[in-house]
Amino acid sequence: MEKGKVYALLKRVKETNPLIHNITNIVVANFSANGLLALGASPVMADAVEEAAEMAKAAAAVVLNMGTLNRESVEAMITAGKSANESETPVILDPVGVGATSYRTQAAQRLLQEVKFSIIRGNAAEIANLIGEKWEIKGVDAGNMKGDVLTLAANAAKRLNTVVVVTGKEDVISNGMLTNVVHNGHPILTKVTGTGCLLSAVVGAFAAVEKNHLDAATAALIFYGVAAEIAANKTDEQGPGSFQIEFINQLSLVSSSEIDLYGSFYTI
Amino acid sequence: MEKGKVYALLKRVKETNPLIHNITNIVVANFSANGLLALGASPVMADAVEEAAEMAKAAAAVVLNMGTLNRESVEAMITAGKSANESETPVILDPVGVGATSYRTQAAQRLLQEVKFSIIRGNAAEIANLIGEKWEIKGVDAGNMKGDVLTLAANAAKRLNTVVVVTGKEDVISNGMLTNVVHNGHPILTKVTGTGCLLSAVVGAFAAVEKNHLDAATAALIFYGVAAEIAANKTDEQGPGSFQIEFINQLSLVSSSEIDLYGSFYTI
Amino acid sequence: MEKGKVYALLKRVKETNPLIHNITNIVVANFSANGLLALGASPVMADAVEEAAEMAKAAAAVVLNMGTLNRESVEAMITAGKSANESETPVILDPVGVGATSYRTQAAQRLLQEVKFSIIRGNAAEIANLIGEKWEIKGVDAGNMKGDVLTLAANAAKRLNTVVVVTGKEDVISNGMLTNVVHNGHPILTKVTGTGCLLSAVVGAFAAVEKNHLDAATAALIFYGVAAEIAANKTDEQGPGSFQIEFINQLSLVSSSEIDLYGSFYTI
């Protein structure tokens with residue numbers, strides 16, 4: 001992927017305002033909607049099983065987030081996912097906290113069985129859980145850990161037959177054959193709730209305008225990481241409240257030249 | 001209505017802190033509560049069917065918002081609405097996304113049948129759907145479109161026997177006989193989620209202190225639009241994150257003289 | 001308690017990042033999670049009855065908030081509370097709006113019967129309701145009202161066999177024998193939704209790292225109040241939107257010396 005594609009896709013989002021149907025959690029619904037609006041997408045949050053299929057059919061991408069799961073929302077996710085599959089609309093999964101409880105692990109497995117996902121985004125522990133592996137931080141040797149994440153992403157992509165995004169200190173995106181590593185982002189993102197969830201929604205917005213989902217996800221991560229870096233820089237030492245607001249600002253403001261200047265990734 | 005009535009009603013809200021019972025959605029609950037608090041009202045969000053009637057009875061206005069509808073919340077809305085009707089407490093409907101799915105359309109029709117609304121606020125497509133019409137943007141001729149919105153608001157007010165607020169580039173408020181047009185507001189409002197929902201809640205706060213609901217709604221829209229203009233001006237080009245925060249500030253700060261200076265409306 | 005203990009406990013939170021399991025409401029979920037993150041705790045919001053016990057077992061403290069109660073969430077609260085009791089994990093109750101409807105009153109009584117709480121935090125009316133008393137503001141004689149609050153807190157602590165926190169103009173914390181009064185905080189806290197709910201969550205974070213729950217709650221209130229004072233001072237007259245953001249900043253920034261300088265409490 002050329003770096004120029006990042007802004008080209010962002011521009012396509014801004015011009016076409018794709019409708020992104022989110023079934024998400026009570027913690028991040030507002031932040032996700034505002035983030036998507038900032039970027040130019042049109043968010044809709046609708047989690048009633050009665051309308052999940054119809055809403056998914058109208059959407060350009062569907063994002064399923066397991067943050068505050070319950071019986072109803074799992075059914076709504078499956079209904080929305082199947083509906084999106086029928087119309088070949090991309091479906092993104094954010095398996096929040098999978099592995100933390102057996103309920104989440106089972107729900108995730110059911111979702112994987114019933115819905116075909118275009119992209120799955122999680123941290124290393126979540127992605128490992130999806131393929132039945134246990135992720136353990138194996139020490140401070142960053143070199144080895146990085147190697148582990150690369151292998152994890154590629155393996156998960158092959159096993160789940162989808163594009164997998166593993167976020168962490170570095171972000172790894174793989175379709176099982178090609179793997180991209182993104183160097184953008186900022187540690188303060190971990191101090192604001194829902195930054196992972198919003199990232200999954202942003203990945204959905206990029207997937208809505210680009211059929212090559214490896215490129216779509218990679219571009220989304222570069223854009224998102226650059227916005228975070230600029231926001232962190234502008235609110236240096238002010239605290240996570242100010243960062244959160246400036247980050248929403250930057251999601252709407254990041255320019256083509258800033259992405260060219262700060263965007264950092266490579267393909268393996 | 002005299003323009004002086006806008007601040008007079010706002011002052012009444014600030015002095016009496018009316019309890020506004022909201023049955024609303026997971027996306028905007030926090031923003032709506034903070035907006036109402038900023039303005040001087042006392043928000044309560046309670047959507048369990050078991051307590052909906054009792055909470056509505058205690059409230060000075062009830063605001064029903066269809067944003068993230070489900071079986072339980074529809075029942076709670078009907079229960080709260082009927083309870084408010086019994087005690088002649090104003091009930092406001094925000095038919096978010098009606099027409100987007102048949103589930104929403106049916107829920108809205110059920111609400112209209114079972115509850116007597118004082119004020120209904122939506123965009124043109126939503127209001128048109130409520131009276132079985134299809135709203136189509138008929139081109140760029142602003143003159144004609146404005147005419148259409150005026151007719152839509154007046155027709156809907158007559159057919160639904162209530163005050164109807166159609167928000168858009170210009171806001172139109174009609175009771176079927178008199179129609180007011182408000183020129184305040186700012187395009188950046190569309191970049192922050194829940195600004196329509198919060199507006200409906202603010203309309204509820206004004207209706208809580210003024211029995212003439214055409215005046216109450218018109219005053220609420222002028223106040224809200226002026227606050228948005230000042231906030232947009234103060235956060236010029238900073239982005240939607242900063243605007244959102246400054247808008248909450250301005251909802252608490254807007255003065256009588258600012259409303260006199262910037263408030264802009266006329267009656268047809 | 002020595003004043004130095006306040007920062008010592010805060011430091012312990014920052015170093016150990018205790019997992020705080022919140023079953024809370026749609027209005028404050030985001031604000032509570034961001035507040036806990038700012039302070040160094042690890043929030044998880046999970047309210048499905050299917051995973052409540054397992055999540056509570058993994059947590060260092062469980063916070064049950066009655067803000068937007070429903071049938072499911074009451075069951076989840078009881079399940080989580082019992083599970084935490086089994087592993088002697090502290091459980092905090094925030095009986096939001098108890099007394100406002102009979103549904104809330106009954107739910108609170110059921111929670112009190114089935115779960116053993118370490119700390120209960122509410123305003124005077126809420127705490128009075130829990131012990132079957134009716135709280136009435138008895139006039140403007142601040143001296144008497146203060147006396148009433150002290151008695152209320154001590155009585156409730158004895159009757160409910162727990163640490164009770166009554167927040168208001170002054171905050172009173174009692175275990176039935178010892179009673180602390182905290183003089184920190186700022187009136188603008190009442191203009192931001194969820195500041196009481198977040199306080200209960202912060203109390204949970206302190207209880208997670210300190211077995212003396214009277215000290216834990218007192219330290220949490222001093223820390224929280226000092227953060228609010230600094231934030232209010234820094235955003236003087238800007239409005240509640242700016243305060244809200246700066247308050248999150250200060251929850252992450254408050255220093256040992258600021259707590260020493262501004263922290264104000266005494267023991268009766």
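Being a predicted model, the structure only gives us computed values, none of them experimental.

Reading the values: the criteria
- Residues numbered from 1 in each chain as written.
- Chains lettered and ligands numbered in written order.
- Predicted model: local features only at pLDDT ≥ 70, side-chain atom pairs only at ≥ 80, totals over all residues.
- Heavy atoms only, no water.
- Helix = DSSP H or I, 4+ residues; strand = E, 2+ residues; numbered from the N terminus.
- Rg over C-alpha atoms; globule rule 2.2 N^0.38 Å.
- Contact = heavy atoms within 4.5 Å.
- Areas by Shrake-Rupley, 256 points an atom, 1.4 Å probe, with all protein chains shown as cover.
- UniProt positions renumbered as here; feature names shortened; annotations may be inferred.
- Buried < 20%, exposed > 50% of the residue type's maximum accessible area, 1.4 Å probe, protein only.
- Polar contact = N/O pair within 3.5 Å; in protein donor to acceptor, adjacent residues only side chain to side chain.
- Buried area = accessible area lost by both parts, 1.4 Å probe.
- Salt bridge = Lys/Arg side-chain N within 4 Å of Asp/Glu carboxyl O.
- Nonpolar A, V, L, I, M, F, W, Y, C, P; charged D, E, K, R; others polar.
- Least-squares fit on C-alpha atoms with pLDDT ≥ 70 in both.
- 1 Å grid on protein atoms, 1.4 Å probe; cavity = no way out; pocket = protein on both sides within 12 Å on 5 of 7 lines; lining within 4 Å.
- Points joined across faces, edges and corners; volume = space filled by probe spheres on them.
- Pairing = 2+ DSSP bridges.
- Axes fitted to C-alpha atoms, helices over the stretch in contact; angles between N-to-C directions.
- Expected span 1.5 Å × (residues − 1).
- Arc of directions from axis to C-beta.

### Section: the overall build of chain A
Looking only at helices and strands, chain A has eleven helices and nine strands in total. The C-alpha radius of gyration computed for chain A amounts to 17 Å, which stays within 12% of the reference 18 Å derived for 268 residues, consistent with globular compactness. Principal-axis analysis of the C-alpha atoms places the extent of chain A at approximately 45 × 40 × 35 Å. Of all intrachain contacts in chain A linking residues separated by at least 6 positions in sequence, the fraction that spans at least 24 positions is 73%. Carbon and sulfur atoms make up 51% of the accessible area of chain A, which totals about 9,700 Å².

### Considering the UniProt feature "binding site: ATP" (unreviewed entry) in chain A
Residue and element names in this part refer to chain A. As annotated in UniProt, the feature "binding site: ATP" (unreviewed entry) corresponds to Arg121 and Thr167 in the numbering used here. Look at the named residues: they lie 47 residues apart in sequence, but the longest C-alpha span between them is just 7.4 Å, so in the fold they bunch up. With respect to the secondary-structure elements, Arg121 resides in strand E5 (residues 119-123). What Arg121 contacts, discounting residues up to four positions off in sequence, is Leu93, Asp94, Pro95, Ile127, Val165, Thr167, Gly196, Cys197, Leu199 and Ser200. We classify Thr167 as buried; its relative accessible area is 16%. There is a polar contact of 2.7 Å between the side chain of Thr167 and the side chain of Arg121.

### Some points on the interface of chain B and chain C
Listed as interface residues are 25 residues of chain B and, on the opposing side, 26 residues of chain C. Both faces combined, the contact of chain B with chain C buries some 2,000 Å², and carbon together with sulfur accounts for 53% of it. The interface formed by chain B and chain C holds three salt bridges in total. The shortest N-O distance in the salt bridge between B:Glu50 and C:Arg71 comes to 2.8 Å. On inspection of chain B and its partner chain C, the count reaches ten residue pairs in polar contact (both at pLDDT 80 or more). The leading source of residues in the side of chain B that touches chain C is helix H2 (residues 29-39) of chain B, at six residues. When its residues are assigned to classes, the side of chain B that touches chain C shows 13 nonpolar, seven polar and five charged.

### Overview of the relation of the copies chain B and chain C
Superposition record for chain B on chain C: RMSD 0.0 Å, screw rotation 120°, translation along axis 0.0 Å. Both chain copies can therefore be described as sitting about a three-fold axis. When C-alpha positions in chain B are compared against the rotation axis, the closest is assigned to B:Ile26, at 3.2 Å. Here only 8% of the contact residues of chain B are again contact residues in chain C; the copies associate through non-equivalent surfaces.

### A short note on empty space enclosed by the protein
Remark: the empty space left among the atoms is shown by a probe the size of a water molecule rolled over them. One pass over the structure, following the stated rule, counts four cavities of 30 Å³ or more. Estimated volume of the largest cavity: approximately 370 Å³. Broken down by secondary-structure element, the contributors of at least two residues to the lining of the largest cavity are helix H2 (29-39) and helix H10 (240-253) of chain A, H2 and helix H10 (240-253) of chain B together with helix H2 (29-39) and helix H10 (240-253) of chain C. Among the residues making up the lining of the largest cavity, the classes are represented as 19 nonpolar, nine polar and no charged.

### Here we look at the sheet that holds strand E9 (residues 265-267) of chain B
Residues and elements named next belong to chain B. Ordered in space as E2-E1-E3-E4-E5-E6-E7-E8-E9, the nine strands form an open sheet in which the pairing is mixed. Where the open sheet ends on each side, the last strands, each with one partner, are strand E2 (42-45) and E9. Pairs of neighbouring strands in the sheet enclose a mean axial angle of 20°, with direction left out of account. With three bridges joining them, strand E8 (residues 179-182) and E9 adopt antiparallel strand pairing. Along E9, the bridge assignment pairs Asn180 with Thr267. Of the strands in this sheet, strand E1 (19-23), strand E3 (61-65), strand E4 (91-94), strand E5 (119-123) and strand E6 (163-167) are in contact with helix H8 (residues 195-207), which crosses E4 at around 170°.

### Describing the UniProt feature "binding site: substrate" (unreviewed entry) in chain A
UniProt feature "binding site: substrate" (unreviewed entry): in the numbering of this structure it lies at A:Met45 and A:Gly194. Following the sequence through the fold, A:Met45 ends up in strand E2 (residues 42-45). Setting aside anything within four residues of it in sequence, one finds A:Met45 in contact with A:Asn22, A:Thr24, A:Ala29, A:Ser32, A:Ala33, B:Val27, B:Gly67, B:Thr68 and B:Arg104. Relative to the assigned elements, A:Gly194 resides in the loop between strand E8 (179-182) and helix H8 (195-207). What makes A:Gly194 buried here is its relative accessible area of 9%. Those residues within four positions of A:Gly194 in sequence are excluded, and the remaining contacts are A:Val28 and A:Phe31.

### What to know about the interface of chain A and chain B
Size of an interface, as often reported, equals the accessible area lost when the parts are brought together. Each partner contributes to the interface: chain A provides 25 residues, whereas chain B provides 26 residues. Together, the buried faces of chain A and chain B total about 2,000 Å²; carbon and sulfur atoms form 53% of this surface. Taken together, the links from chain A to chain B amount to three salt bridges. Close ionic contact of B:Arg104 with A:Glu51 constitutes a salt bridge, the shortest N to O distance being 2.7 Å. Across the contact surface, chain A and chain B share nine residue pairs in polar contact (both at pLDDT 80 or more).

### Here we look at the side chain of A:Glu51
Position of A:Glu51 among the secondary structure elements: in helix H3 (residues 49-58). For A:Glu51, a relative accessible area of 0% translates into the label buried. Non-local contacts of A:Glu51, meaning those with residues more than four positions away in its chain, are made with A:Ala46, B:Thr101, B:Tyr103 and B:Arg104.

### Some remarks on the pattern of salt bridges
All names here are of chain A. Taken as a whole and judged by the stated rule, the model has 39 salt bridges over all chains. The salt bridge partner of Glu210 is Arg12, with a shortest N-O separation of 3.6 Å. Of this pair, Glu210 sits in the loop between H8 and helix H9 (213-234) while Arg12 sits in helix H1 (residues 4-16), and the two are 198 residues apart along the sequence. Residue classification places Glu210 among the buried residues on the basis of a relative accessible area of 12%. Accessibility expressed as a relative area gives 35% for Arg12, which makes it partly exposed. Connected through shared salt-bridge partners, Lys5, Arg12, Glu210 and Asp215 make up one network.

### Remarks on the relation of the copies chain A and chain B
Once turned by 120° and shifted 0.0 Å along the axis, chain A lies on chain B with an RMSD of 0.0 Å. Interface overlap between copies is the fraction of interface residues in one copy that are interface residues in the other; for chain A against chain B it is only 8%, indicating separate surfaces.

### Notes on helix H5 (residues 102-114) of chain B
Residue and element names in this part refer to chain B. Relative to the 18 Å expected for 13 residues at 1.5 Å per residue, H5 spans 18 Å between its end C-alpha atoms, a close match to the ideal helical length. Listing the buried residues of H5 in full gives Tyr103, Arg104, Ala107, Ala108, Leu111 and Leu112. The arc enclosing the buried residues of H5, seen along the axis, measures out at 165°, which places them on a common side. Turned more than 90 degrees off the buried face of H5, the exposed positions are Gln106 and Gln113.

### Quick word on unusual backbone geometry
Residue and element names in this part refer to chain C. A positive phi angle, near 45°, is found at Asn17, a position not held by glycine. Note that Asn17 resides in the loop between helix H1 (4-16) and strand E1 (19-23). Among the residues examined, Asn17 registers a relative accessible area of 36% and is labelled partly exposed. Even without being a glycine, Glu88 presents a positive backbone phi close to 55°. Note that Glu88 resides in the loop between helix H4 (71-86) and strand E4 (91-94). Owing to a relative accessible area of 72%, Glu88 belongs among the exposed residues under this scheme.

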